[in-house]
Amino acid sequence: MKKTVFSITAFAISAAMLVGCGGAKKEGGKKGALSGSNAEKVYVAPGEHDEFYAFISGGFSGQLAVYGLPSGRLFKVIPIFSQDAEKAYGYNEETKPMLETSYGFVPWDDAHHPDLSQTKGEIDGRWCFINGNNTPRIARVDLKTFETAEILEIPNSAGNHSSSFVTENTEYVVAGTRFSVPVPQRDMPISEYKGNFKGALSFISVGNEGEMDLSFQILMPGFDYDLAHPGRGASHGWFFFTTYNSEEANSLLEVNASQNDKDFIAAINWKKAEEYIAAGKFTTVPAEYAHNVYSDRTHSATSTMKKEVRVLNPADCPGLVYFLPTPKSPHGCDVDPSGEYIVGNGKLSANLTVHSFTKMLDAIKNEKFDGEAYGIPILKFEDVLAGTVVQPGLGPLHTEFDDKGNAYTTFFISSEVVKWKLGTWEVLDRKPTYYSVGHLMIPGGNSQKPWGKYLVAMNKITKDRYLPTGPELCQSAQLYDISGDKMELLSDFPTIGEPHYAAACPADLIAPNQTKIYKLEDNQHPYVAKSEKETKVVREGNVVHVYMTMIRSHFAPDNIEGIKVGDKVYFHVTNLEQDYDVPHGFAMIGANNSELLIMPGQTETLFWEPKQVGVWPMYCTDFCSALHQEMQGYVRVSPAGSSTALSWSLDGE
């Protein structure tokens, strides 16, 4: 065992040294990546727009970043699972419920895999889904507003990694557990892992308006479920998950989860699952999990705690799940646009293995099984093998597809993207990345209609690519032109947090549908003031509600007296503007909180507990007009028990 540990570690260190020491000279040198005509290919002139939106995960930032392609310009960071003081997400009273879970208020997560909604296998530009890996959750972003509209917690799961991938008509979003755990959770020895720990694969239905519901879970053997992709075309109705640790080890997985020659791709027939659900062949089990929804009408979120979930056991549901043997320790699980080929990227394999959906159906029909695992049939490797890409690189991770029948795979150890041909399995081209590439993304590459113009490689290490910024360097995304026979590195740009997966589509699918303002007449916030005449300050014991408005360039009211130390003050601030791109900010000195950033026609609430006597300023934080600096006011705070009357005014009234 010690010899094995040494060999794996030495191999990884050697590879990293080769990449880190010599890689920078492979391409560009002192000239850099943007040389000659390449700069022209990514240049977007002032006033012009990018061709594509790219949604790149923020990893440990818990956020989702929106970039333009080909420019690589950052347009917005969308707060999802983490508080964001810039936008008051998770700080204002309206969005705090978005971060509620069965564990309480959790203001962070590890966001890995965005995926875009589809109709008939093509990206439709309605919603972007993304997973929370740490506290298992799935979020839905409304692409009309580029705001988080919904978050659903996932019970019976731990390490929600193989998500949030969607079926070709957005019937389901999946959430697969990375870590198997006792289900239900209980106190038990970790040494009793094998046979007792389970992995839950969750299928979340998506309604016509995007609303999510945990439809059912499939309780799988105690493996680790790494990544997933849906079937499409002929394989629509199936979902494929890579698994590792079929050994069911619980310690030193670097060695103990690499003993078997093959691990599995789990093929899930979700249409068969629907039949079992309709026939009542499920068990309803207790499960506490939060469902958080934001309303554009009330400008507020609500959090509801769910209490149960329907569970299917594959051993009791013939035809529901099959295991496809695949080279050990697979990571990516990728399905080509036709739905015929399923690529399992075995990290420790010298070759790329491609499975055939047609052969899989034939093997199932003719019961070409090679045993079973916990009642799940294992298909014979040779009977489901479509082909092999021989020695394409070191450390394969992920594969995406273009619109010309080509596949592109990242190789972490050899730091490169390799292009190969579906069907012939011939390597066509390879290009270095800088360095240690993880995921890659082609716009629409996870659909029946890829736009095979650009490829984005998301790298884990940057080394000498950017100016140094202390011990930690930013991660890098690199843009390649894949429109020709040979890939061409065009540019690289830094990213927010650690990017994992990304999704992209043409801007024309999203940009025309943008919400520009919230109509004041539609505002149903319980504390809205739709005009200055409706502003007021109301005391209820030691709770004070301030109904405030803002418009260029003043607050109403802008002077408030009668607030006392120990009061709980809620500023309910409505932006009266009805003009596009005129937000206002609101900040209160001494508030243990963030600012508010309020869109036209929207209402948000800042909570403040004054702790000191005095006169304290409030002001607008978003430069809104030539008289922005004049957009300010005062709150007088008197001692607790003071007889100072509650009063408010505008312009000395």
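Residues numbered from 1 in each chain as written. Predicted model: local features only at pLDDT ≥ 70, side-chain atom pairs only at ≥ 80, totals over all residues. Heavy atoms only, no water.

(A) Representation of the overall build of the chain. Of regular secondary structure, the chain possesses six helices and 46 strands. Over its C-alpha atoms the chain spans a radius of gyration of 27 Å, differing by no more than 12% from the 26 Å that the globule rule assigns to 653 residues. Counting only C-alpha atoms, the chain reaches 85 × 65 × 50 Å along its principal axes. Of all 653 residues assigned to the chain, the portion counted as buried reaches 58%. Summarising the internal contacts of the chain: among those between residues at least 6 apart in sequence, 63% fall at separations of at least 24. Looking at the chain as shown, the accessible area adds up to about 25900 Å², and 53% of this sits on carbon and sulfur atoms. (Helix = DSSP H or I, 4+ residues; strand = E, 2+ residues; numbered from the N terminus. Rg over C-alpha atoms; globule rule 2.2 N^0.38 Å. Buried < 20%, exposed > 50% of the residue type's maximum accessible area, 1.4 Å probe, protein only. Contact = heavy atoms within 4.5 Å. Areas by Shrake-Rupley, 256 points an atom, 1.4 Å probe, with all protein chains shown as cover.)

(B) Spotlight on empty space enclosed by the protein. For the structure shown, the criterion picks out two cavities of 30 Å³ or more. Computed from the structure, the largest cavity encloses a volume of approximately 70 Å³. For the largest cavity, the lining is made up of 13 residues, of which Asp115, Gly444, Asn446, Tyr501 and Ala503 are closest to its centre. Put simply, the parts of the chain that give the lining of the largest cavity at least two residues each are strand E6 (115-119) and strand E35 (502-506). If one sorts the elements of the lining of the largest cavity by residue count, E35 sits on top with three residues. For the lining of the largest cavity, a count of residues per class yields eight nonpolar, three polar and two charged. (1 Å grid on protein atoms, 1.4 Å probe; cavity = no way out; pocket = protein on both sides within 12 Å on 5 of 7 lines; lining within 4 Å. Points joined across faces, edges and corners; volume = space filled by probe spheres on them. Nonpolar A, V, L, I, M, F, W, Y, C, P; charged D, E, K, R; others polar.)

(C) Geometry of the side chain of Asn292. Along the chain, Asn292 falls in strand E18 (residues 283-295). A distance of 3.2 Å separates the side chain of Asn292 from the backbone oxygen of Pro97, its partner in a polar contact. Within the local environment of Asn292, its side chain forms a polar contact with the side chain of Ser303, the two groups lying 2.6 Å apart. Excluding residues within four positions of it along the chain, Asn292 makes contact with Pro97, Met98, Leu99, Glu100, Ala149, Glu150, Ile151, Thr302, Ser303 and Thr304. (Polar contact = N/O pair within 3.5 Å; in protein donor to acceptor, adjacent residues only side chain to side chain.)

(D) The environment of Val183, seen in detail. Residue placement: Val183 occurs in the loop between strand E12 (181-182) and strand E13 (197-206). Owing to a relative accessible area of 19%, Val183 belongs among the buried residues under this scheme. Residues Val183 and Glu521, spaced 338 residues apart in sequence, show a C-alpha to C-alpha distance of 49 Å. Apart from the residues within four sequence positions on either side, Val183 is in contact with Asn156, Lys198 and Leu219.

(E) A look at the layout of surface pockets. If you add up the space inside the second largest pocket, you get close to 1000 Å³. Only strand E3 (74-79) and strand E9 (147-153) provide two or more residues apiece to the lining of the second largest pocket. Ranked by the residues each element gives to the lining of the second largest pocket, the list is headed by E3, at four residues. Partitioning the lining of the second largest pocket into residue classes produces 16 nonpolar, seven polar and 10 charged.

(F) Spatial organisation of the domain arrangement of the chain. Parsing the chain into structural domains produces domain 1 (2-42), domain 2 (52-513) and domain 3 (520-649). Once you take the C-alpha centre of each, domain 2 and domain 3 turn out to be 43 Å apart. Tallying the contact residues gives 13 residues for domain 2 and 16 residues for domain 3. With both sides pooled, the region where domain 2 packs onto domain 3 buries about 1200 Å², and carbon together with sulfur makes up 46% of that total. There are one salt bridge connecting domain 2 and domain 3. Here Arg297 makes a salt bridge to Asp522, at a shortest N to O gap of 3.5 Å. Here domain 2 is connected to domain 3 by six residue pairs in polar contact (both at pLDDT 80 or more). When the residues that make up the side of domain 2 that touches domain 3 are grouped by side-chain class, the tally is four nonpolar, four polar and five charged. (Domains from an automatic or database assignment. Buried area = accessible area lost by both parts, 1.4 Å probe. Salt bridge = Lys/Arg side-chain N within 4 Å of Asp/Glu carboxyl O.)

(G) Quick look at the packing of aromatic side chains. On inspection of all chains with the given rule, the structure shows 29 aromatic pairs. An angle of 90 degrees between the planes, with centres 5.5 Å apart, marks the rings of Phe555 and Phe586 as edge-to-face. Placement of the pair is Phe555 in strand E38 (residues 554-556) and Phe586 in strand E41 (residues 584-588), with a sequence separation of 31 residues. The burial state of Phe555 is the same as that of Phe586; both residues are buried. (Phe/Tyr/Trp six-rings, centres within 6.5 Å; stacked < 30°, edge-to-face > 60°.)

(H) Main features of the confidence of the model for the chain. Of all residues in the chain, 94% have pLDDT values of 70 or greater, and the mean over the chain is 93. Residue range residues 1-34 is modelled with pLDDT below 50. Its contacts to residues more than four positions away, or to other chains, number 37 contacts. (pLDDT = per-residue confidence, 0-100.)

(I) Spatial organisation of the environment of Lys120. The topology assignment puts Lys120 in the loop between E6 and strand E7 (122-132). The exposed category is assigned to Lys120, whose relative accessible area is 68%. Distance from Lys120 to Asn169, taken between C-alpha atoms, is 5.4 Å for residues 49 residues apart in sequence.

(J) Representation of the side chain of Ser202. Among the secondary structure elements, Ser202 is positioned in strand E13. With a relative accessible area of 0%, Ser202 lands in the buried category. Among the polar contacts listed, one links the side chain of Ser202 to the side chain of Gln217, at a separation of 2.9 Å. Not counting chain neighbours up to four residues away, the residues in contact with Ser202 comprise Ile154, Val173, Val174, Ala175, Leu214, Phe216 and Gln217.

(K) Representation of unusual backbone geometry in the model. In the segment running from Val183 into Pro184, the intervening peptide bond is cis, with an omega of -5 degrees. Residue position: Pro184 is located in the loop between E12 and E13. Tyr434 connects to Tyr435 through a cis peptide bond whose omega is -10 degrees. Position of Tyr435 relative to the elements: it lies in the loop between strand E30 (427-432) and strand E31 (437-441). For Glu367, which is not glycine, the phi torsion reads 50 degrees and is therefore positive. Mapped onto the fold, Glu367 is located in the loop between helix H5 (357-365) and strand E24 (369-373).

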